[in-house]
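# Structural description and commentary
Take a look at the letters that make up each chain.
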Amino acid sequence: IELEVERNPERIDERLGDRFVLKRDASLDDGVEIVTHALSLFQHKRIWPPVLKVLQRLKCRVHHRTGLHVHVGIEDSQNFKKILEFILHNKTIIKKICGRGENDFVIWDNGNDHYAVLNQRVDGHVEFRAPAATLDVTEFLGRVELAQALVKFGADCKNWKEFVGKVRRVKG
């Protein structure tokens, strides 16, 4: 996961220690991208809530230029195009869930651009760039779960209703 936030990078580094990598990002005025190593969804659910509270206490800010980029392993790279088509076909609802406006630093097409909604990486994962950054735990984890579900089920679903049904069956 990569979470972009504005505010006092040195203080963030002091508080988060070596569990995360902090990277400068040219799209931010006074902020950083907080990056995790590859982790499971379970591990993300465990480590991010306290981190988000720290960021709130430090008065970090998120806005239309900050994003939440979720990297998810993809078992069959042949499914990338199908997943992307599913995302683009359902972009209105996905934008709403992800907190994105019409032109918030995400390209919603099937182009091969760094800012594309979904990027295929050479190391067996995809980067889902649709979510806006948030410091709200429920929104944050919901957006991470959405990315995981889109990669897991998106290639096989014909419509949003079928997608939601598959997610509900798994979540029980």
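Residues numbered from 1 in each chain as written. Predicted model: local features only at pLDDT ≥ 70, side-chain atom pairs only at ≥ 80, totals over all residues. Heavy atoms only, no water.

## A closer look at the overall build of the protein chain
Helix and strand counts for the protein chain stand at six helices and six strands. Reading the helices (α) and strands (β) of the protein chain from amino to carboxyl end gives β-α-β-β-α-β-α-α-β-β-α-α. Over its C-alpha trace the protein chain gives a radius of gyration of 16 Å, about what one expects of a compact globule, namely 16 Å for 172 residues. Here the contacts in the protein chain between residues at least 6 apart in sequence split such that 65% fall between residues at least 24 apart. About 9500 Å² of surface is accessible on the protein chain, with carbon and sulfur atoms providing 48% of the total. (Helix = DSSP H or I, 4+ residues; strand = E, 2+ residues; numbered from the N terminus. Rg over C-alpha atoms; globule rule 2.2 N^0.38 Å. Contact = heavy atoms within 4.5 Å. Areas by Shrake-Rupley, 256 points an atom, 1.4 Å probe, with all protein chains shown as cover.)

## Remarks on the side chain of Thr-66
Its location among the elements puts Thr-66 in the loop between helix H2 (41-57) and strand E4 (68-73). Residue Thr-66 is classed as buried on the basis of its relative accessible area, which comes to 1%. One polar contact links the side chain of Thr-66 to the main-chain carbonyl oxygen of His-63, over a distance of 2.8 Å. Not counting the four nearest positions on each side in its chain, Thr-66 is found in contact with Glu-4, Val-5, Glu-6, Leu-28, Arg-100, Ala-132 and Ala-133. (Buried < 20%, exposed > 50% of the residue type's maximum accessible area, 1.4 Å probe, protein only. Polar contact = N/O pair within 3.5 Å; in protein donor to acceptor, adjacent residues only side chain to side chain.)

## Concerning the packing of H2 against helix H5 (residues 137-153)
Put simply, H2 and H5 touch, their axes get as near as 10 Å, and they point 155 degrees apart. The angle between the axes of H2 and H5 places the two elements in the roughly antiparallel class. In this structure, H2 crosses over H5, and the sense of that crossing is right-handed. Residues Leu-41, His-44, Lys-45, Trp-48, Pro-49 and Leu-52 of H2 pack against Val-137, Phe-140, Leu-141, Val-144, Glu-145 and Gln-148 of H5. Its residues assigned to classes, the contact of H2 with H5 shows eight nonpolar, two polar and two charged. (Axes fitted to C-alpha atoms, helices over the stretch in contact; angles between N-to-C directions. Parallel < 35°, antiparallel > 145°, perpendicular 65-115°, else oblique. Left-handed = near helix turned anticlockwise from the far one by under 90°. Nonpolar A, V, L, I, M, F, W, Y, C, P; charged D, E, K, R; others polar.)

## Comments concerning the sheet that holds E4
Sheet architecture is open: six strands sit in the order E2-E3-E1-E4-E6-E5, paired in antiparallel fashion. Unpaired on one side and paired on the other, strand E2 (21-24) and strand E5 (118-120) mark the two borders of the sheet. This sheet shows a mean twist of 20 degrees between the axes of neighbouring strands, independent of strand direction. Two elements, E2 and strand E3 (residues 31-35), share four bridges in a ladder whose sense is antiparallel. Opposite Lys-23, over in E3, you have Glu-33 as the bridge partner. Relative to strand E1 (residues 2-6), H2 is tilted by about 10 degrees, and along the sheet it contacts E1 and E3. (Pairing = 2+ DSSP bridges.)

## Points about the pattern of salt bridges
Enumeration according to the criterion identifies six salt bridges in this entry. We note a salt bridge from Glu-145 to Lys-45, for which the minimum N-O separation is 2.7 Å. Of the two residues, Glu-145 sits in helix H5 while Lys-45 sits in helix H2, which places them 100 residues apart along the sequence. Its relative accessible area of 21% is what places Glu-145 among the partly exposed residues. (Salt bridge = Lys/Arg side-chain N within 4 Å of Asp/Glu carboxyl O.)

## So, the nonpolar core
The biggest cluster of nonpolar side chains holds 48 residues, and the ones touching the most others in it are Leu-3, Trp-48, Leu-55 and Phe-128. Ranked by residue count, the leading element in this core is H5, at nine residues. Not counting the four nearest positions on each side in its chain, Phe-128 is found in contact with Leu-68, His-69, Val-70, Ile-87, Ile-94, Cys-98, Val-117, Leu-118, Leu-146, Ala-147 and Leu-150. (Core = buried A, V, L, I, M, F, W, Y, C linked by side-chain atoms within 4.5 Å.)

Keep in mind these values describe shape, not function.
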